[in-house]
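Now for the letters of each chain:
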Amino acid sequence: MGAVAVCAAWAHNLVVDADGSLWTWGHGGSGRLGHGSCLDIWTPRRVDALHCARVRVVDASASFEHSGACCNDGSVWMWGLGEHGQLGLGDTATRATPVAVQALRAARVRVVALACGGAHSAAVCDQGWLYTWGRGDWGQLGHGNRAGRLFGKAVRHLGHARVRSVVCGWGCTVALSDGTKSNSDGEPPDLGDVTERVLSDPPLSSHQMRAELGAPGGAPCVTPASRRGSASFTSP
């Protein structure tokens, strides 16, 4: 197995091989490994759901409890914990196998780079637009507020700067532009409906953030109540 891309997350790992298959192993809580269960796996195992879908993975990303893959057809597949909308599938359900982000396909957004943060995600499309979704209470989505998103939303504060790559931290996002304009003179399409998820709890303190970073996660498929934020749905 010749590796062309690797990602080391908090407690699990992802490797893309030269054939476009994705291999994962490590802690399996919340289904983050993509094998249909929450079991830990000690040696690399191919993610058969992607193989059976006949997509060729070109890059993969993972963070605390969710993972994602970017494929050569521009599609994005997400799985793992979804309680903050970080999977971009329009809900807060947790998935133990990869699911294609249909909102991207419906908007004909072709993704070329993907990054997973603590509880949010970001994607760069071939036009140079940056999309973010998931938890937003530290402003990590870049939309000028603390609202979370169940679907991807283009970061319009970047103007028409062409984004080349993106990385996500626990509660932050950094995008790299080459200084040129995006390939499109129009406005980027938003994904799904216009519903935003707004976390009603105040942003976590630095002490609470350190507690989250160090927490082992409890039972494999259950998110501790202390880490669940209440939410309401409003229109922007």
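Here, every reference points to the structure presented above.
The rules behind these values
Per-chain numbering applies: the sequence of each chain, read as written, is numbered from 1 onward. Local features are withheld for residues below a pLDDT of 70 in this predicted model, meaning they are given only at 70 or higher, and side-chain atom pairs are given and counted only at 80 or more; totals for whole chains, interfaces and linings count all residues. Note that the side-chain values use all heavy atoms of the structure and ignore hydrogens as well as water. Using a grid of 1 Å spacing that covers the protein atoms alone, one calls a set of points a cavity when a 1.4 Å probe fits there but cannot get out, and a pocket when the set is open and has protein on both sides within 12 Å along at least five of seven lines; lining residues are those with an atom within 4 Å of a point. Grid points are joined across faces, edges and corners, and a volume is the space filled by probe spheres set on the points. We call Asp, Glu, Lys and Arg charged. Ala, Val, Leu, Ile, Met, Phe, Trp, Tyr, Cys and Pro are nonpolar, and the rest, Gly among them, are polar. Salt bridge, as used here: a side-chain nitrogen of Lys or Arg that lies within 4 Å of a carboxyl oxygen of Asp or Glu. Only protein chains enter the accessibility calculation, which uses a 1.4 Å probe. A residue is then buried if its area is under 20% of the maximum for its type, exposed if over 50%, and partly exposed in between. Labels follow the DSSP assignment, with helices taken as runs of H or I lasting at least four residues and strands as runs of E lasting at least two, numbered in each case from the N terminus. Two strands pair if DSSP finds at least two bridges between them. Think of each axis as a best-fit line through the C-alpha atoms, taken over the contacting stretch in the case of a helix, with angles from 0 to 180 degrees between the N-to-C directions. What counts as a ring pair is set by centres within 6.5 Å for rings of Phe, Tyr and Trp (its six-membered ring), and what kind of pair is set by the plane angle: stacked under 30 degrees, edge-to-face over 60, tilted for all other angles.

(A) Quick look at empty space enclosed by the protein. Taken as a whole, this structure holds two cavities of 30 Å³ or more when the rule is applied. Computed from the structure, the second largest cavity encloses a volume of approximately 30 Å³. G20, S21, L22, R46, V47, L50, H51, V55 and V57 together form the lining of the second largest cavity. Among the residues making up the lining of the second largest cavity, the classes are represented as five nonpolar, three polar and one charged.

(B) Spatial organisation of the pattern of salt bridges. All told, the structure shown has five salt bridges when counted by the stated rule. With its nearest N and O atoms 2.9 Å apart, the salt bridge here joins D48 to R46. The class of D48 is partly exposed, set by a relative accessible area of 39%. You can call R46 partly exposed: its relative accessible area is 29%. D91 is the partner of R95 in a salt bridge, and the nearest nitrogen-oxygen pair spans 2.6 Å.

(C) Spatial organisation of unusual backbone geometry. The residue R54 is not glycine, and still its phi comes out positive at about 60°. Relative to the helices and strands, R54 resides in the loop between α1 (48–52) and β5 (57–62). With a relative accessible area of 80%, R54 lands in the exposed category. One non-glycine residue, R108, lies in positive phi territory at about 55°.

(D) Layout of the sheet that holds strand β3 (residues 22–26). Strand order in the open sheet formed by four strands is β1-β2-β3-β4, with antiparallel pairing between adjacent strands. Either end of the sheet is taken by a strand with one partner, and the two such strands are β1 (3–8) and β4 (41–46). Direction aside, neighbouring strands of the sheet carry axes that sit 15° apart on average.

(E) Geometry of the packing of aromatic side chains. Inspection of every chain in the model, using the stated rule, returns two aromatic pairs. With a centroid separation of 5.3 Å and 80° between ring planes, the pair formed by F64 and W170 is classed as edge-to-face. One end of the pair, F64, is in the loop between β5 and β6 (66–71); the other, W170, is in the loop between β13 (161–168) and β14 (173–181), with 106 residues separating them in the sequence. The structure contains a cluster of three or more aromatic residues connected by ring pairs, namely W10, F64 and W170.

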